[in-house]
Amino acid sequence: MVKTSSICFGALALSLAVYLSAATPVVAQDGYDAPSGMSVGLGGVVAIKPKYEGSDEYDVYGFPIIFPQFGGGSGFADRIKIRGADDVRLRVFETGGFEVGPLAGYAFGRDEDDGDLLRGLGDVDDGIVLGAYAGYRFGVVLLDVSYHHIVSGDDTGYQIRFGGEIEQRVASNAIVTARVGATFADDNYMDTYFGISAAQSASSVAGLSAYDATSGIKDVHFELGTRIDLTDRWQLRAGARYGRLLGDAADSPIVETENQFSGMIGAAYRFDFGGY
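Residues numbered from 1 in each chain as written. Predicted model: local features only at pLDDT ≥ 70, side-chain atom pairs only at ≥ 80, totals over all residues. Heavy atoms only, no water.

> Whenever I open this one, a nonpolar patch on the surface confuses me. Can you help?
On the surface, Val92, Phe93, Phe98, Tyr136, Phe138 and Leu143 cluster together to form a nonpolar patch covering roughly 570 Å² of accessible area. Within the secondary structure, phenylalanine 98 is located in strand 6 (residues 98-107). (Patch = residues over 30% accessible without salt bridge, like charges linked within 9 Å, V, L, I, M, F, W, Y side chains within 5 Å. Areas by Shrake-Rupley, 256 points an atom, 1.4 Å probe, with all protein chains shown as cover. Salt bridge = Lys/Arg side-chain N within 4 Å of Asp/Glu carboxyl O. Helix = DSSP H or I, 4+ residues; strand = E, 2+ residues; numbered from the N terminus.)

> Looking at this model, I keep getting lost on helix 2 (residues 187-194). Mind explaining?
Structural remark: α-helix, 3.6 residues per turn; residues separated by three or four positions point the same way. Tyr189, Met190, Thr192, Tyr193 and Phe194 are the residues of helix 2 that are buried. Viewed end-on, helix 2 has its buried residues packed into an arc of 165 degrees, placing them on one side of the element. In this fold, the buried residues of helix 2 make contact with strand 8 (141-150), strand 9 (158-171), strand 10 (174-185), strand 11 (216-229), strand 12 (234-245) and helix 4 (247-251). (Buried < 20%, exposed > 50% of the residue type's maximum accessible area, 1.4 Å probe, protein only. Arc of directions from axis to C-beta. Contact = heavy atoms within 4.5 Å.)

> Sorry, what's going on with the pattern of salt bridges here?
Side chains carrying opposite charge are able to pair once their charged atoms draw close together. This model, assessed by the stated rule, comprises 15 salt bridges. Across the pair aspartate 144 and arginine 83 runs a salt bridge, and its minimum N-O distance is 3.0 Å. On the criterion of sequence distance, the pair formed by aspartate 144 in strand 8 and arginine 83 in strand 3 (residues 80-84) is long-range, its members being 61 residues apart. Given the relative accessible area of 7%, aspartate 144 is considered buried. Taking the shortest distance from any N to any O, the salt bridge between aspartate 86 and arginine 161 comes out at 2.5 Å.

Now the structure itself:
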């Protein structure tokens, strides 16, 4: 069962992940000189996302955030990139524009009270995600592919994500990133989030029929993010994402709409400490 604490943790993770990944890495960014010591960013985020994949209703979360930054521009933190709560990447190897590394994260579950069509189907627990990614960068363009395997909770399926992004400085203090991509999901993932078993059909309050969701391209999506350095310490970030469910995901009886939107806006102030 999805506990309230898990929902709160997941929402916080989503807000922080989207905030940090809205445009660029959190250290060694163009536009200011990274401090030689440790810094701490304090701020807040407001995020909105569908109640579950396929929902036409949205949850809004507001959270304070705190995250460390380490100066120097060439350390461990420079190798971390956060694409989402289930996609925290560590670059362990790079050469000639090619990069590869592991990833980890947190997958959100679902509560049967999240929508009328879910009542009687039971909850889907949250889970830990492990995987890896590879990418190739040429100029301002990055093409990549990533593997995300849920290793705990109700779902033990995997997703493979393909994407490309371009990052462009549009002003001396502002950077915009645009990304397009698609997601392949295996049978286990599709069954968990979009399928309806015979037992679930029998207990469905909405009287939904059994549905077998098979592997395939689950969605295509477009993301747009920006980072604006208001001062050398104040930073504003915003991001928006549009996704469209496809195939068996779109045809699932629990899906209220194929169009899925999410977004966030946040601001933070950087406190610097002494050098090492």
